[in-house]
Amino acid sequence: MEAEIRRDGAVLTPRYDAAPGRRPGTARVIKDHLARTGMVVISAATCLLVVLIAGALLIRSLPLLRTQSLGELLTSSTWQPSHGAFGFAPFIAGSIAVTAVAMIVAVAPAIFTGIYLSEYTVARTRTRLKPLLDLMVGIPSVVYGLWGILFVVPLVRDHVGPWIDGTLGQVSPLFRQTNPSGYGLLSAGLVLGIMVFPLIVAVTEEVLRSVPHEMREAVLCLGATRWETTLCVVRRRGMAGILAAVVLGFSRAFGETLAVMMLIGNSVQVPRSLFDSAYSLPALIANNYGEMMSLPNYESALMAAALLLLAVVLLFNVAARLVVNRLTARS
Amino acid sequence: MTALSVRNLNVWYGDKHTLNDVSVEIPLRRITCIIGPSGCGKSTLLKALNRLLDLNDQVKVSGQVRLDDINIYDPGVDVTEVRTRVGLLAQKPFPLPMSIFDNVAYGPRIHGRHNGKIHALVQEQLQAVGLWDEVADRLKAPATSLSVGQQQRLCLARTLSVEPEIVLCDESTASLDPISARGIEGLLCALKDKYTVVLVTHDIDQARRLADHVIFMWLGEVVESAPAGQFFGQPKEELTQAYLAREIG
């Protein structure tokens, strides 16, 4: 259909939907609908998967939840499956403590490294360092675990432990070297911190580099130093993203199984010192699933532990998302 | 009197020679327009005047830009001091993600220059750009809530808040509607009693309206630099004549 020229000279371009008999768009419209529907289905399936996993875990946990209240399970320190006592408190405390050590070790250095890579390095240095960080993210956790056994455990046992015990140990029982083996919270936390470090660095760097260049120029052209510019960029634009990076690191650390299992000592106790051995929730499941399954409610208890793990990570992510939304709206 | 003196300035982006042996004088308290077609090196020259090119690690610079007889590219020079004295108004308004008030107060705060009278200082700068009456009752509102034209005036107020001697404008009206653009042009004319203004523009008519001095660039070189009357009335170079006649560009 050709364009129509009106008397006043205006050119009327024909629209497809205004051209009767010519609807070549039908096939394209169908493809468009198919693509959209396909993507909706895939996205919904992904979300549904989380619900299905949580549902399956809940159903398998019900036998235990019928016999013991949730409060009792969460607060009891007694773990004696043969007597039907399934207290999760030591595992929750172990997971929280080892994750806390890892985050204390990793967060500040990772954020500063991310800021350095984004704001201070030249492109050449960045392109050399980034593959190294990507490699660190990709190293299997069993390798980290082995490295921890060979290097970190002896270091903690023979050097770090005695030094902390001799100094801070006089101040608080938290720093007393109660466990001479070296396998415990500090060793596991240090290795876990090193594992989440590159993840937080990578996300922080990406987030800061996504801040428009003009913002830095605007601040620098007021005579701000590089550090003042960085602070302005981070505080006003980067904070939400950095928080997201930390949450990602937390989720990774909280759910990490193998390396922690190899280093934490796997003792069912609520840790009182940095050097105590402990037991994490993922390690509990990985170490015990498939064994002693004939004990009543034992499988159900392990499923409840998995459900707890999922719930903590989900809750933390949702809470972080709310904070990120608020920070984003404010900036 | 000269505000800035550029001598034998060469700039390379990687292997690309973007500015080729540029030597020009920027007269004091005048509006100097840098004109030329896209890609001729106008913005590169502008950003070389306050060392903003330093942000790009692919860039190499040789030659001199003298401000008060000091070469700003000398190793011992305080870059923050240079950028305080030579401010920039960018092509698009880019308010900082903070309130209207804080946008203007940010510069004086980092320099510690407000002497406890930050409110008066902010009011003075917003009045100078004709924005005070429009925002006086919502100073705590986000700067992004302003219209684009208002945002550009706010950015000008922010630039002036640290009392620069020279204001660089990189096609600062290009993204505005005609009325807002005329408003900014009026402000720049009013500023020249106190500030030296260097304006990059691809709009010959704008240069005719505003310029006291014109620098015409072509393929990274300065073709002609002359007072506006002479430049538009009796251009010496054939290339300038052709550009002004819109035969090239």
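Please read these numbers as outputs of a predicted model, since none were measured by experiment.

Moving on, we get to the overall build of chain B. A tally of helices and strands in chain B yields 10 helices and 10 strands. Dimensions of chain B along its principal axes, counting C-alpha atoms only, are 55 × 45 × 35 Å. The burial tally for chain B puts 55% of its 249 residues in the buried class. Pairs at least 24 residues apart make up 66% of the contacts formed inside chain B by residues separated by at least 6 positions. On chain B, roughly 10800 Å² of surface is accessible, and the fraction owed to carbon and sulfur atoms is 47%. Positive and negative side-chain charges of chain B, numbering 26 and 30 respectively, have mean locations separated by a distance of 4 Å.

Of the regular secondary structure elements, chain A holds 11 helices and 4 strands. Radius of gyration (C-alpha) of chain A: 27 Å, far over the 20 Å computed for a compact globule of 331 residues. Projected onto its principal axes, the C-alpha positions of chain A cover 95 × 60 × 35 Å. In chain A, which comprises 331 residues, the proportion classed as buried is 40%. Excluding contacts between residues fewer than 6 apart, the proportion of contacts in chain A whose partners are at least 24 apart in sequence is 72%. In the structure as shown, chain A presents an accessible area of about 17900 Å², 66% of it carried by carbon and sulfur atoms.

This brings us to the state of the cysteines. A covalent bond bridging the sulfur atoms of two cysteines is what the word disulfide describes. Taken as a whole and judged by the stated rule, the model has 0 disulfides over all chains. Cysteine C221 of chain A is unpaired, with the sulfur of C169 of chain B as its nearest cysteine sulfur at 11 Å. Residue classification places C221 of chain A among the buried positions, given a relative accessible area of 3%. Not engaged in a disulfide, the cysteine C33 of chain B finds its nearest cysteine sulfur in C169 of chain B; these two sulfurs lie 9.2 Å apart.

What follows covers the pattern of salt bridges. Taken as a whole and judged by the stated rule, the model has 18 salt bridges over all chains. Taking the shortest distance from any N to any O, the salt bridge between R153 of chain B and E134 of chain B comes out at 3.1 Å. With R153 of chain B in helix α6 (residues 148-160) and E134 of chain B in helix α5 (residues 132-135), this pair connects stretches of sequence that are 19 residues apart. Note on E134 of chain B: relative accessible area 33%, which makes it partly exposed. Members of the salt-bridge network, linked through shared partners, are K130, E205, E206 and R209 of chain A.

A separate point is the pairing of strand β2 (residues 16-27) of chain B. Residue and element names in this part refer to chain B. Here strand β1 (residues 2-13) pairs with β2 via 8 bridges, running antiparallel. When the bridges of β2 are listed, T2 appears paired with P27. Here β1 folds back onto β2, and the loop between the two strands holds 2 residues, one of which, G14, carries a positive phi near 65 degrees.

Residues and elements named next belong to chain A. Among the structural elements, G169 can be located in the loop between α5 (141-167) and α6 (185-209). In this structure, the C-alpha to C-alpha distance between G169 and S273, residues 104 residues apart in sequence, is 9.5 Å. Setting aside anything within four residues of it in sequence, one finds G169 in contact with I164, F175 and R176.

The subject of this paragraph is the nonpolar core. Counting residues in hydrophobic clusters, the biggest one holds 80 residues, and the most contacted among them are W79, F88, I200 and L284 of chain A. Broken down by element, this core gets its largest block of residues, 13 residues, from helix α3 (residues 89-120) of chain A. Excluding residues that lie within four positions of it along the chain, I200 of chain A makes contacts with M103, V107, A110, I111, A245 and G249 of chain A. Counting residues in each nonpolar core, the second largest holds 47 residues, with W132, V197, I204 and V214 of chain B among its members.

This part covers the pairing of strand β7 (residues 166-170) of chain B. Residue and element names in this part refer to chain B. Counting buried positions over the 5 residues of β7 gives 5, a clear majority of the element. Taking every second residue as pointing to the same face, both faces of β7 are buried, with I166, L168 and D170 on one and V167 and C169 on the other. Bridge analysis of strand β6 (residues 86-89) against β7 gives 4 bridges, and the strand direction is parallel. Across the sheet, G87 pairs through a bridge with V167, a residue of β7. Between β7 and its parallel partner strand β8 (residues 196-200), the chain crosses via helix α7 (residues 178-191), and the hand of that crossover is right-handed.

What counts, and where the lines are drawn
Residues numbered from 1 in each chain as written. Chains lettered and ligands numbered in written order. Predicted model: local features only at pLDDT ≥ 70, side-chain atom pairs only at ≥ 80, totals over all residues. Heavy atoms only, no water. Helix = DSSP H or I, 4+ residues; strand = E, 2+ residues; numbered from the N terminus. Buried < 20%, exposed > 50% of the residue type's maximum accessible area, 1.4 Å probe, protein only. Contact = heavy atoms within 4.5 Å. Areas by Shrake-Rupley, 256 points an atom, 1.4 Å probe, with all protein chains shown as cover. Lys, Arg positive; Asp, Glu negative; His and termini not counted. Charge placed at Lys NZ, Arg CZ, Asp CG, Glu CD. Rg over C-alpha atoms; globule rule 2.2 N^0.38 Å. Disulfide = S-S within 2.5 Å. Salt bridge = Lys/Arg side-chain N within 4 Å of Asp/Glu carboxyl O. Pairing = 2+ DSSP bridges. Core = buried A, V, L, I, M, F, W, Y, C linked by side-chain atoms within 4.5 Å. Right-handed = clockwise from strand over helix to strand, strands pointing away.

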